[in-house]
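Examination of the molecular architecture
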Amino acid sequence: MCKIDMCLEAEEVLLEDVKPFVRQAIISTISSSTKNDVFFELQSPDCRLFHIISGNGNMIIHNKSYKLCSGCSILFKAGTKYIWQPSDDGTIEYITINFDYTQKFSHIKKPFHPVHSNKFSKEDVLENVDIQDATVLNSPIVLYNSNSTESRLRLLTTEFNVADKSYLDILLSTVLKSVIISMVRELSFNKEDCGNANMTLTRNIIQYIQNNYDKEITYEILGEKFFMNPVYINRVFKKNSGFSLHSFLINYRINMAMELLRTSSVPVKDIAVKVGFVDIPHFIKTFKKITGASPSKYRNSTDYIN
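Calculation notes
- Residues numbered from 1 in each chain as written.
- Predicted model: local features only at pLDDT ≥ 70, side-chain atom pairs only at ≥ 80, totals over all residues.
- Heavy atoms only, no water.
- Helix = DSSP H or I, 4+ residues; strand = E, 2+ residues; numbered from the N terminus.
- Buried < 20%, exposed > 50% of the residue type's maximum accessible area, 1.4 Å probe, protein only.
- Areas by Shrake-Rupley, 256 points an atom, 1.4 Å probe, with all protein chains shown as cover.
- Lys, Arg positive; Asp, Glu negative; His and termini not counted.
- Charge placed at Lys NZ, Arg CZ, Asp CG, Glu CD.
- Contact = heavy atoms within 4.5 Å.
- Core = buried A, V, L, I, M, F, W, Y, C linked by side-chain atoms within 4.5 Å.
- Arc of directions from axis to C-beta.
- Pairing = 2+ DSSP bridges.
- Axes fitted to C-alpha atoms, helices over the stretch in contact; angles between N-to-C directions.
- Parallel < 35°, antiparallel > 145°, perpendicular 65-115°, else oblique.
- Nonpolar A, V, L, I, M, F, W, Y, C, P; charged D, E, K, R; others polar.

1. A closer look at the overall build of the protein chain
Looking only at helices and strands, the protein chain has nine helices and twelve strands in total. When its C-alpha atoms are laid out on the principal axes, the protein chain stretches across 60 × 50 × 45 Å. Each of the 306 residues in the protein chain was classed as buried or not, and the buried ones make up 48%. Carbon and sulfur atoms provide 52% of the accessible area of the protein chain, an area that totals close to 15800 Å². On the protein chain, the mean spot of the 35 positive side-chain charges and the mean spot of the 33 negative ones are 3 Å from each other.

Okay, structure coming up:
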């Protein structure tokens with residue numbers, strides 16, 4: 001492997017300053033019947049994010065075994081040792097994202113392939129960052145039932161191969177950062193004491209929006225649903241998530257609209273209704289404000305084949 005001249009001392013960064021560089025975003029499969037290098041202990045020069053679409057098995061990360069199943073997401077830094085172990089006679093389909101946490105090496109476009117650990121040295125690590133305010137990212141993360149991030153990861157794989165490359169790096173970086181932040185928050189939720197009512201409320205509201213974004217959702221409806229004052233609900237939600245309820249709901253709806261525009265031929269006016277917008281002009285205006293393009297232009301800029 002070609003050695004990269006770099007300082008091995010960790011660069012301290014804050015999560016808000018992270019600007020990921022996506023080097024590759026693809027959907028792959030691995031089968032226990034295929035005998036190849038992935039079944040050895042591997043290491044990669046850049047970071048990895050895997051999301052399991054289907055299949056079962058295990059992944060050994062630094063000698064610790066983690067179960068793999070649909071909806072499982074794994075994220076780790078460059079140089080992490082890992083081994084794929086699909087179940088007997090099974091196939092795992094997964095999304096893989098190769099990335100850096102910074103833009104320092106964005107001039108290196110060609111993806112790095114993992115190599116056997118016995119051929120890997122610490123000098124092969126492309127970048128070494130220490131994320132000060134989200135230290136969970138400095139160790140491997142494995143999350144289960146993280147299906148809510150799959151649509152954004154699929155967006156990465158679709159956009160990575162689009163013909164129109166304008167602003168592509170910015171889009172990929174923004175989407176991946178949102179996924180990383182979601183994983184950090186999810187891990188934080190999981191570690192919170194079950195007695196923390198406010199954190200539980202925030203998580204329940206997020207799940208409610210994810211399951212009902214196509215329906216009418218107002219502060220009053222949420223207040224009745226959770227038997228609390230709407231103003232209090234919004235204050236708690238913003239404190240724990242960093243977003244107002246309105247902002248989170250609108251962005252989630254637009255994200256779902258992007259998925260439908262990429263993967264279907266459903267008319268724009270029908271997509272607006274499907275994601276919870278009653279006013280079509282308002283949907284188009286909001287979509288353009290968030291994505292930088294009208295729904296029609298966004299659809300035409302992708303060459304997705306269903």
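2. Some thoughts on the side chain of Ser-28
As for its placement among the helices and strands, Ser-28 is situated in strand β2 (residues 21-31). When neighbours within four sequence positions are excluded, Ser-28 is seen to be in contact with Ile-92, Glu-93, Tyr-94 and Thr-96.

3. Observations regarding the nonpolar core
Counting 63 residues, the largest nonpolar core has Leu-49, Ile-97, Phe-99, Tyr-101, Ile-131, Leu-137 and Phe-283 as the members making the most contacts within it. Among the elements that line this core, the one with the most residues is helix α6 (residues 245-263), at ten residues. Residues within four places of Tyr-101 in sequence aside, it is in contact with Val-18, Lys-19, Pro-20, Cys-47, Leu-75, Lys-77, Glu-127, Val-129, Ile-131, Leu-137 and Ile-180. Ile-30, Ile-74, Phe-76 and Trp-84 belong to the second largest nonpolar core, which has 17 residues in total.

4. What about helix α4 (residues 219-226)?
Every buried residue of α4 is listed here: Leu-222, Gly-223 and Phe-226. Seen end-on, α4 carries its buried residues on one side only, within an arc spanning 105°. Facing away from the buried side of α4, by more than 90 degrees, are the exposed residues Glu-220 and Glu-224. Looking at the packing, one finds that the buried side of α4 touches α3 (197-212), α5 (230-241) and α6. Positive backbone phi, approximately 55°, marks Phe-227, located one or two places after α4.

5. Remarks on the pairing of β2
Judged by how many residues are buried, β2 sits mostly within the fold: eight of eleven residues are covered. Two elements, β2 and strand β9 (residues 91-100), share ten bridges in a ladder whose sense is antiparallel. Each bridged residue has a counterpart across the sheet, and for Ser-28 the counterpart in β9 is Tyr-94.

6. Examining the packing of α4 against α5
Packing of α4 against α5 leaves a shortest axis separation of 8 Å and a crossing angle of 90°. If you check the angle between α4 and α5, you find them roughly perpendicular. Two secondary-structure elements touch here, α4 through Tyr-219, Glu-220, Leu-222, Gly-223 and Phe-226 and α5 through Pro-230, Ile-233 and Asn-234. When its residues are assigned to classes, the contact of α4 with α5 shows five nonpolar, two polar and one charged.

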